[in-house]
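Now for the letters of each chain:
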Amino acid sequence: MARLTLEKVMQKSFIDIGDASSDVPFNEFNDSIGKLAESNALREEDIRELIDPDCDVSDVIDKTARLALSETIKIDTKEEPLYLPGYTAVVVDSRGRILGVQEDPNVIPKLQSYGPSLMWAMRKLGHERYATTRTGSTASELLGYSAVNMALNGSHITNISYGNRHHIGGASSWLEQDDLRSNSRLHAGVSGVVATDTFRNHLATVDDRIRQIASEALLNNQEYLDDFTGNMFAGSLDSTLGAFILEEVAGYDTKGLFTETALMSIARRHASGINVH
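Attention in this report is confined to the structure presented alongside it. Values in this document were obtained by computation on a predicted structure and should not be read as measured data.

Where helix H6 (residues 117-135) contacts helix H7 (residues 142-153), the two axes come as close as 9 Å, and the packing angle between them is 115°. In this view, H6 runs roughly perpendicular relative to H7, as classed from their interaxial angle. Between H6 and H7 the crossing geometry is right-handed. Judged by residue contacts, His127, Tyr130, Ala131 and Thr135 of H6 engage Leu143, Gly144, Ala147, Val148, Ala151 and Leu152 from H7. Along the lines of polarity and charge, the residues of the contact of H6 with H7 split into 7 nonpolar, 3 polar and no charged.

Printed below as a string of C-alpha cells:
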C-alpha cells in the first residue's frame, strides 16, 4: 500500500507541480510526503520497488556520494575527514519516475529530531520541480530559490530574515541520452550531509567570504543553525552533492572536486541571498 500511495503522489502531485496556473499541487506534494513519513510509509524499500531495474542509478548515487564525502585535508602528517559519511539522496526524472535512492543517514539526535531524512530529500525534489518548471532555474539558484520561497511563504524573499529562509538541498539537470530517460530533466534531492569540525575550523577560514558566513552563523546560532553546528553549510553541501550525483548519472566525471566546488557554491549562493545553512 505504501508503495502504491507513493507512486500515486509521484505520478499525480509531483507532475502537476509543473502546472504554472496553480500552487496547489506543490502544497499537496509537500503535505503528502510529510504524511507518508509520519505513518512510516516513506521507506527506502518502498521507493526501491518503484525503480525500473533498467534505469536504476542507485549504485551511481552511492559511488558518487561516498567519493565526495571521503575527501580529507592533511593537517600536519594526518589526513583528517571533512565530512561525516552519512547522507540520503533520491533521483527522479520530470515524469515522476524514481531512478535511484540511497538512505544512510548520520545517527545524530538533532538530525533525527527533524524527521526522516527521506522526507527532506523528497521535498527537495518538489522544490526542484517547481523551480525548473516556473523559472528554468534550479532551486539552489536565486531565481528558482525565490520562486520556491514565494510558494512556501507567500512573500518575497527580502521580507524574510536570512536565517528563516528555507534550506536548499536539491539539484536539476538535463539528461540527453538515447535511452528510456532521454530528453528528460533530472532532479536530485539530498539531505543529511554534515561537515566535520575540521571543515569548519580549517577550510572555512581559508576564504574571507566563507569565514564571514561562518562567523555570522555562529553569532546567530539559534536562528541560523538551530543550535547545531552540524547545520553549518549543510543545505549548500546537500545541493552540491546533488549536482555531483546528476553529473555522474549523465555520464560526466566530476573528478573528485567536491570540496572545491562546495566552497565556491557556498560563497556564490550566500552572496545572492540564499540560506546556505
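By the element assignment, Thr259 lies in helix H12 (residues 258-271). Overall, Thr259 belongs to the buried group, its relative accessible area being 7%. Among the polar contacts listed, one links the side chain of Thr259 to the side chain of Tyr83, at a separation of 2.7 Å. Among residues more than four places away in sequence, those in contact with Thr259 are Glu71, Leu82, Tyr83, Phe199 and Leu203.

Moving on, we come to H12. Between its terminal C-alpha atoms H12 stretches 20 Å, which fits the 20 Å expected from 14 residues at 1.5 Å a residue. When we look at burial in H12, the residues that qualify are Phe258, Thr259, Ala262, Leu263, Ser265, Ile266, Ala267, Arg269 and His270. Packing partners of the buried residues in H12 comprise helix H4 (58-69), helix H8 (197-201), helix H9 (208-219) and helix H11 (234-249). Phi turns positive, to about 105°, at Gly273, one or two residues after H12.

Rules of the game
Residues numbered from 1 in each chain as written. Predicted model: local features only at pLDDT ≥ 70, side-chain atom pairs only at ≥ 80, totals over all residues. Heavy atoms only, no water. Axes fitted to C-alpha atoms, helices over the stretch in contact; angles between N-to-C directions. Helix = DSSP H or I, 4+ residues; strand = E, 2+ residues; numbered from the N terminus. Parallel < 35°, antiparallel > 145°, perpendicular 65-115°, else oblique. Left-handed = near helix turned anticlockwise from the far one by under 90°. Contact = heavy atoms within 4.5 Å. Nonpolar A, V, L, I, M, F, W, Y, C, P; charged D, E, K, R; others polar. Buried < 20%, exposed > 50% of the residue type's maximum accessible area, 1.4 Å probe, protein only. Polar contact = N/O pair within 3.5 Å; in protein donor to acceptor, adjacent residues only side chain to side chain. Expected span 1.5 Å × (residues − 1).

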